[in-house]
Amino acid sequence: AVTRTFSIIKPDATRRNLTGAVTKMLEEAGLRVVASKRIRMTKEQAEGFYGVHRERPFFNDLVTFMMSGPVVVQVLEGEDAVKRNRDVMGATNPANAEPGTIRKELAESIEANSVHGSDSDENAATEIAFFFKPEEIVG
Ligand code: CMP
């Protein structure tokens, strides 16, 4: 089925002017950008978005990193969008990611890993609603 997922192009990628390169790989994987905006995350947004990781040792560094530069938040649409996006992103740690994936080709480290993508349809809906109003999404 055609579904939607939520993506973030992270500060390490925007800093290196890779917004287009990342988006091209998403599009070539069969995903369509149906909403997109470049923002600077507030502390409240970064902490709220990654709330499930609050007890993890990397939480504070992750929040600081996500506020360290612009990010591009996007809604992606395609056949099995969550899986399609996760496949093209590659493993969280770029050292473990397959060749040809965004993280293998572009990411710097497990933290500065260039992209975020939702891990389930349910989380995709929650994450999309965190950053976008329905009328901002144009399918
Ligand atoms: P993301 O998919 O956005 O979800 C949580 C993020 O935490 C992850 O990508 C990484 O950028 C970051 N992170 C930093 N350290 C770790 C770690 N040890 N394990 C998992 N995620 C980590």
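By the naming in an unreviewed UniProt entry, the protein chain is Nucleoside diphosphate kinase, taken from Sphingomonas tabacisoli. UniProt lists a comment for the protein chain under the heading Subunit (unreviewed entry), and it reads "Homotetramer." The annotation that UniProt attaches to the protein chain under Sequence similarities (unreviewed entry) is "Belongs to the NDK family."

A. Representation of the side chain of Glu-127 in the model. Within the secondary structure, Glu-127 sits in helix H7 (residues 121–131). Despite its burial, Glu-127 remains without a salt bridge, the nearest opposite charge being carried by Arg-86 at 8.3 Å. Only 3.0 Å separates the side chain of Glu-127 from the side chain of His-116, close enough to count as a polar contact. With sequence-adjacent residues up to four places away left out, Glu-127 is seen in contact with Phe-6, Phe-49, His-116 and Ser-118.

B. Highlighting the UniProt feature "active site" (unreviewed entry) in the protein chain. When the UniProt feature table is mapped onto this chain, "active site" (unreviewed entry) is found at His-116. Inspection of the secondary structure assignment puts His-116 in strand E4 (residues 115–117). Note on His-116: relative accessible area 12%, which makes it buried. In this structure, His-116 is in contact with Phe-6, Ser-7, Ile-8, Lys-10, Phe-49, Tyr-50, Met-89, Arg-103 and Glu-127, ignoring residues within four places of it in sequence.

Analysis parameters
Residues numbered from 1 in each chain as written. Predicted model: local features only at pLDDT ≥ 70, side-chain atom pairs only at ≥ 80, totals over all residues. Heavy atoms only, no water. UniProt positions renumbered as here; feature names shortened; annotations may be inferred. Helix = DSSP H or I, 4+ residues; strand = E, 2+ residues; numbered from the N terminus. Buried < 20%, exposed > 50% of the residue type's maximum accessible area, 1.4 Å probe, protein only. Lys, Arg positive; Asp, Glu negative; His and termini not counted. Salt bridge = Lys/Arg side-chain N within 4 Å of Asp/Glu carboxyl O. Polar contact = N/O pair within 3.5 Å; in protein donor to acceptor, adjacent residues only side chain to side chain. Contact = heavy atoms within 4.5 Å.

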